[in-house]
Amino acid sequence: MAGRLSLPEVDLSCSICCEIFRDPVVLKCSHSFCAPCLQQYWTQGARRRDCPLCRSQSVDEPVPSLTLRNLCEAYIQEGEGPEDTGGELYCDPGEMCPLHGERLKLYCLPDKEPICVVCHTSRKHKQHDCCPVSEAVVDVKEKMKSALGSMQEKRDAFDKMKKSYEDAVAYIQVQARFVERRTREEFEKLHGFLDAEEAARMEALKREEEQKSRALMQKIEEMVGNITSVSESIRGLEEEMALGGISVLHKCKTTLARANSPIEDPVMPPGALIDVARCLGSLNFHVWEKMHQTVKFTPVTLDPNTAAPWLILSEDLASVCDSDEKQKLPDNPERFDPDTGVLGRESFTSGKHTWVVTVGENTAWVVGVAKESIQRKEKVSSVLKNGYLSVYFYHKMYFAGTSPLTRLNLKRNPQRIRVQLDCDKGRVCFYDPHDNTHIYTFKHAVTERVFPYFWVGCQQCPLTLEPLEVSVKAVEYF
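Residues numbered from 1 in each chain as written. Predicted model: local features only at pLDDT ≥ 70, side-chain atom pairs only at ≥ 80, totals over all residues. Heavy atoms only, no water.

Just so we agree on the cut-off: UniProt positions are given in the numbering used here, feature names are shortened, and annotations may be inferred rather than shown by experiment.
Per an unreviewed UniProt entry, the chain is named Tripartite motif-containing protein 35, and its organism is Zoarces viviparus. The record in UniProt for the chain states the following under Subcellular location (unreviewed entry): "Cytoplasm". Regarding the chain, the relevant UniProt record gives this comment under Sequence similarities (unreviewed entry): "Belongs to the TRIM/RBCC family."

This is the structure:
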C-alpha cells in the first residue's frame, strides 16, 4: 500500500506492529490491538497483563472487535491494485522510533519526548508517566497557544514602547529647538548688554579724547601768542642793537623793560592725557561687575522632565501653574503622572541650601523637598511616610506633611515661603520671609538624594521661585 498514512489509516493500525489490525481485540480501557501482537507483548518476560498504551491492568480476556476487523478488511480490499506494495504501510521517518523502528505512539512526560511502545518498556522510560501522542499534541498546542498569547502581548508592549520612543525622539527635537531659541534669546541679551557697554565706553573715550584735545589746542593757541610776542621782542632788540651811538641809550630803557617783563615758563597741565589705566584696568571684571545687575539667578530651576502633563512652566523655568489640558509629553520615568508635581533640577545630599517660593494668592500648593525614591506614577499624599518633607495649603488650611497630618495655625497667610534645608543636621525648616516667622521644622535624617518639590492645584496664581541677589567682589589677602 503506497502513500503516507492518512488519519483513517492511523486509526486502523495497531500501535504495537504499526500495521493494519489483524484479528483486532479491544481491552476494557477501549484501546485496540492485534490479538497476536497483544499476546506476544504479554508473554515477553514476567509481565503483568497491562495495556501497552495506558498501562491499565486488564483482568478480563480481550474481546474480539468484529466491527474493527470488518473495517480493516474493507480498507485492505480498497487499497489493493497495480500500485499495491504487498500491504506494507509507509510512515514519515519523523513518526518512527530511530532505535526500534516502531511508530511513536506515546509521549514521555518527564523527558518530554515522543517514544514507541518498546521504549516504554525500556529502562530509560519504564517508570515514567506517559500519555498518547494525540493527547500530548493537544497539551503542547495549548501551551503553545498560551506562549503565543504571551509573545503577542510582548510584541504589543514592544510596539507601544517603540511608539513611545518615536514620540520621545520627536519631543527631543521640540526640546532642542526650545533650548536653542531660549539660548539665543539669552545670548542676544548678553550681546546687547555688551554691545551697549562697548558703545558707551567708546562714546566716553571719544568725549574724553575731544575734551582733552580741545584743552591742549587752547594751550597751543596760547603758546602761539606767547611765541609771537617773544619773537617781536627779539626782533626789536636785534634792531636796536644794530643802531650806533647815543640813539641806543635813548631807547634802551623801554626796550630792556619790555624784554625783562616776566613770562611764565610753559608747563604741561596735570591730567592732560587720557586715563588709559582707568579705561583698561580689569576691564573684563568691571564689565562683569556691572553685568550682574542685569542678570537673574535662582537657586532652584524647575525640571520640565519631571513636570506632570497638566502643569505649565514658564520659559525661564522659575514658575509653575496648573491647567485643565493634559499636554502630550513622553512618559519618562522621572515624570509625575497623574499627580501634579514637579521637582527642582538640583539635588542635594549634603550642605545647607535655601530658596524662597512666592505662593501669592494660590489656593492649593505644596512646597518642600522630596526623596529620590518617591513614587512618581501613583497619586500619593505628600506626607513623610511617602518620602516628602513639605508643608501645604489646601481648603484654606495649612498642614505639615507628617503622618498623621499636623495642622498649622498661622497668624497671617504668608505670601512667600522660605525653605531652609540642612542635609548634615537632617532638618528642613519653613519660614515666612515677611517677618521671619517660623512655620514648621522637620527633623529627619537625609539618607538619600533629595530634590526641591512643588505641587500646585491652582490655575490663576503660579508658584514662583524668587531670584537671589548676586554680588561680584574681589577677595583681598592680608
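1. Description of the packing of aromatic side chains
Keep this limit in mind: Only Phe, Tyr and Trp rings take part, Trp by its six-membered ring, and two of them pair if their centres are within 6.5 Å. Stacked means planes under 30 degrees apart, edge-to-face means over 60, and tilted covers everything else. Numbering of helices and strands starts at the N terminus; helices are DSSP runs of H or I of at least 4 residues and strands are runs of E of at least 2. Think of it in three bands: with a 1.4 Å probe and only protein chains considered, a residue is buried below 20% of the maximum accessible area for its type, exposed above 50%, and partly exposed in between. Throughout this description, the term charge over a ring refers to an Arg CZ or Lys NZ atom that lies within 6 Å of the ring centre and within 35 degrees of the ring normal.
Using the criterion set out here, one finds 10 aromatic pairs in the structure. Plain terms: the ring middles of F430 and F442 are 6.1 Å apart, the flat faces sit at 75 degrees to each other, and that makes the pair edge-to-face. A residue pair is termed long-range when its members are at least 10 positions apart, and F430 in strand 16 (residues 427-432) and F442 in strand 17 (residues 437-443) qualify at 12 residues. Take F430 and F442: they sit in the same class, and that class is buried. Taken together, the ring pairs in this structure connect F336, Y388 and Y453 into an aromatic cluster. Just above the ring of F336 sits the side chain of R376; from NZ or CZ to the centre is 5.9 Å.

2. Observations concerning the pairing of strand 13 (residues 397-400)
Worth spelling out the cut-off: Should DSSP find at least two bridges between two strands, the strands are taken to pair.
Strand direction decides the pairing type here: strand 12 (residues 388-394) and strand 13, joined by 4 bridges, are antiparallel. Bridge pairing in strand 13 links F393 to Y398. Following strand 12, the chain reverses through 2 residues before pairing antiparallel with strand 13; H395 in that reversal takes a positive phi of roughly 50 degrees. Inspection of the sheet shows strand 13 paired to strand 14 (residues 406-408) by 3 bridges, in the antiparallel sense. Its bridge partner being in strand 14, Y398 is matched across the sheet by L408. A loop of 5 residues connects strand 13 with strand 14, the two strands running antiparallel in sequence.

3. Structural notes on the side chain of S65
Heads up, the condition is: Between two residues, a contact is recorded if the distance between any of their heavy atoms is within 4.5 Å.
Within the element layout of this structure, S65 appears in the loop between strand 3 (63-64) and helix 3 (66-79). Sequence-distant contacts of S65, that is, excluding residues within four places in its chain, are made with P24 and V25.

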